[in-house]
Amino acid sequence: MNKYILDRIESNIAILETEKGEFINISSSLLPDNTNEGDVVLFDNGEYTILSDETNKRKKRIKNLRNSLRE
Amino acid sequence: MNNTIKKIKSSLILILIAVTAFFVGCAPFHFYQISEEENLLKIHFIDVGQGDSTFIELPDSTTMLIDAGEKSCGDIITEYIASQGYNKIDYLIATHPHSDHIGGMAKIVENFEIEKIYMPDVDTDTRTYETLLETIADNNLKIKTAKFGNYVIDSTDIKAKILAPVTIDEDNLNNSSVVIKLEYEDTSFLFTGDAELEELEAITEEVYADVLKVGHHGSVTSTNEDFLSRVNPSISVISCGKNNEYGHPHKEVMKYLKDYETDIYRTDEDGTIIVFSDGKNIVVETEIERGSYFE
């Protein structure tokens, strides 16, 4: 079981950030169709699924951090 | 007889003048002389492999850095800027938070004195981006939101204006890229990040520029014939990695650029590319020596 965050998709390659902050490339067809940039995905039993709750938690935390830095 | 000879002579002189004028007029940009060292604008398209990092030395010795490649490039970029004699970045611009543009930026914030930071009003959730924000916070710095129509620099002979994003696309960070047009007297430069055609077409301001940083590493998403004719660049620079997995620059874009007859430079073949301007003329140098003829 591994968690990744989608950084971006280039043509048909999805670039995922690992839990260590490194990057790996996979075929974008392996991800659920509605995966958005910034979504946390779980790789389990050969399949990727979107973890919405975790994605939302991260979004909120980062948004707050960004807001605290606004000039 | 004498009159005929006189006529032939003056015709020959006219032809000689016309031919000379033709050749002088057609001399490639980079053969023009650049005046003294001072008051030069120098734009370094640093070879960071697959990604962007553009370091700009302004004529008044202030500096701008647009993007910082992947995380592994933070040290290379630091060394490069230090080797040019600078320990301060006056204007740090993150065009958009993809790893090939902001990966190395936390290192830059740690290693240099930073004056102002600009980012588009969009976030992502990666650890890479979060680390960058945390590093900015740890260094007691703030982030200015890059808004189109605003100037990053606005003085008599130098202007750097934000032309985009006109609208934010939260589901497509490329389309929220900060697009900046830099003008130094009679010369102009357009930096487009990874902006795709949808974003570029929404720009209402003049995008004409002598030098174009070709969007999105030469991907078809970001260049077409219409946009090229709007910019009308005599020099186009592509920043991408050797044998990258994405096919950058795409064949179609290379065809558009070649048909447009703009001088093409690319970091995967030329290494770091430096563009010099004295406000009137532009000269280009490449890290890797080019062959005796251009493609």
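This report concerns the structure included in the present document. (Residues numbered from 1 in each chain as written. Chains lettered and ligands numbered in written order. Predicted model: local features only at pLDDT ≥ 70, side-chain atom pairs only at ≥ 80, totals over all residues. Heavy atoms only, no water.)

Attention now goes to the overall build of chain B. When helices and strands are tallied, chain B shows nine helices and 15 strands. Here chain B holds 295 residues, and 56% of them are scored as buried. At a minimum sequence separation of 6, the contacts of chain B that also span at least 24 residues come to 61%. (Helix = DSSP H or I, 4+ residues; strand = E, 2+ residues; numbered from the N terminus. Buried < 20%, exposed > 50% of the residue type's maximum accessible area, 1.4 Å probe, protein only. Contact = heavy atoms within 4.5 Å.)

Moving on, we come to unusual backbone geometry. Residue and element names in this part refer to chain B. Note the cis peptide between Ala-164 and Pro-165, where omega equals 15°. Not every positive phi belongs to a glycine, and Asn-140 is a case in point at roughly 55°. With respect to the helices, strands and loops of the structure, Asn-140 is situated in the loop between α5 (127-138) and β6 (144-145).

Residues and elements named next belong to chain B. Note that Gly-193 resides in the loop between β10 (187-191) and α6 (197-201). Of the residues examined, Gly-193 reaches a relative accessible area of 3% and is grouped as buried. For the pair Gly-193 and Thr-126, spaced 67 residues apart in the sequence, the C-alpha separation amounts to 19 Å. Ignoring sequence-local partners within four residues, the contact set of Gly-193 consists of Asp-52, Thr-95, His-101, Ser-177, Val-178, Lys-213, Gly-215 and His-216.

Taking 1.5 Å of rise per residue, the twelve residues of α5 of chain B would be expected to cover 16 Å, and the 16 Å separating its terminal C-alpha atoms lies within 8% of that figure. Considering only its buried residues, α5 of chain B is in contact with β2 (13-17), β3 (23-27) and α1 (52-68) of chain A together with α3 (99-102), α4 (105-111) and β5 (113-119) of chain B. Remark: Asn-140 of chain B follows α5 of chain B within two positions and exhibits a positive phi of approximately 55°. (Expected span 1.5 Å × (residues − 1).)

For the structure on display, the rule yields four aromatic pairs over all chains. On the numbers, 4.5 Å between centres and 35° between planes, the contact of Phe-43 of chain A with Tyr-48 of chain A is tilted. By the ring-pair criterion, three or more aromatic residues cluster together here, those being Tyr-4, Phe-43 and Tyr-48 of chain A. Geometry around Tyr-208 of chain B places Lys-181 of chain B over its ring, the cationic atom sitting 3.6 Å from the centre. (Phe/Tyr/Trp six-rings, centres within 6.5 Å; stacked < 30°, edge-to-face > 60°. Lys NZ or Arg CZ within 6 Å of the ring centre and 35° of its normal.)

With that out of the way, let us pick up the interface of chain A and chain B. Opposite the 30 residues of chain A that make contact, chain B presents 35 residues. Interface area, chain A with chain B, both sides summed: about 2900 Å², of which 44% is carbon and sulfur. Linking chain A with chain B are seven salt bridges, by the criterion used here. Where chain A packs against chain B, one counts 25 residue pairs in polar contact (both at pLDDT 80 or more). Sorting elements by how many residues they give to the side of chain A that touches chain B places α1 of chain A first, with nine residues. Taken together, the residues of the side of chain A that touches chain B break down into eight nonpolar, eight polar and 14 charged. (Buried area = accessible area lost by both parts, 1.4 Å probe. Salt bridge = Lys/Arg side-chain N within 4 Å of Asp/Glu carboxyl O. Polar contact = N/O pair within 3.5 Å; in protein donor to acceptor, adjacent residues only side chain to side chain. Nonpolar A, V, L, I, M, F, W, Y, C, P; charged D, E, K, R; others polar.)

A surface patch of negative charge is lined by Glu-198, Glu-201, Glu-225 and Asp-226 of chain B. Inspection of the secondary structure puts Glu-201 of chain B in helix α6. (Patch = residues over 30% accessible without salt bridge, like charges linked within 9 Å, V, L, I, M, F, W, Y side chains within 5 Å. Areas by Shrake-Rupley, 256 points an atom, 1.4 Å probe, with all protein chains shown as cover. Lys, Arg positive; Asp, Glu negative; His and termini not counted. Charge placed at Lys NZ, Arg CZ, Asp CG, Glu CD.)

Another point: the packing of α1 of chain A against α5 of chain B. At a closest axis distance of 10 Å, the pairing of α1 of chain A and α5 of chain B adopts a crossing angle of 25°. As summarised for this structure, α1 of chain A and α5 of chain B are arranged roughly parallel, according to the angle between their axes. Between α1 of chain A and α5 of chain B lies a crossing whose hand is left-handed. Counted together, Arg-58, Arg-61, Ile-62, Leu-65 and Arg-66 of chain A of α1 of chain A and Arg-127, Tyr-129, Glu-130, Leu-133 and Glu-134 of chain B of α5 of chain B form the full contact between these two elements. Its residues placed into classes, the contact of α1 of chain A with α5 of chain B shows four nonpolar, no polar and six charged. (Axes fitted to C-alpha atoms, helices over the stretch in contact; angles between N-to-C directions. Parallel < 35°, antiparallel > 145°, perpendicular 65-115°, else oblique. Left-handed = near helix turned anticlockwise from the far one by under 90°.)

Bringing the sheet that holds β10 of chain B into the picture now. All names here are of chain B. Reading across the sheet, the seven strands line up as β7-β8-β9-β10-β11-β12-β13 and stay open at both edges, with mixed pairing between neighbours. Either end of the sheet is taken by a strand with one partner, and the two such strands are β7 (151-154) and β13 (263-266). Ignoring strand direction, the axes of neighbouring strands in this sheet form an average angle of 15°. Sheet topology note: the β7/strand β8 (residues 158-164) ladder contains three bridges and is antiparallel. If you follow Tyr-151 over to β8, its bridge partner there is Lys-161. Strands β12 (235-238) and β13 of the sheet are contacted by helix α8 (residues 251-260), whose axis makes an angle of about 145° with β13. (Pairing = 2+ DSSP bridges.)

Attention now goes to the sheet that holds strand β1 (residues 2-10) of chain A. All names here are of chain A. Strand order in this open sheet of five strands is β3-β2-β1-β4-β5, and the pairing throughout is antiparallel. The open sheet terminates on both sides in strands that have one partner only, identified here as β3 and β5 (47-50). Here the strands of the sheet are splayed against their neighbours by 40° on average, with no regard to which way each runs. Strand direction decides the pairing type here: β2 and β3, joined by five bridges, are antiparallel. Residue pairing across strands places Ile-15 opposite Asn-25, the latter belonging to β3. Where α1 meets the sheet, its contacts fall on β1, β4 (40-44) and β5, and the angle it forms with β4 comes to roughly 145°.

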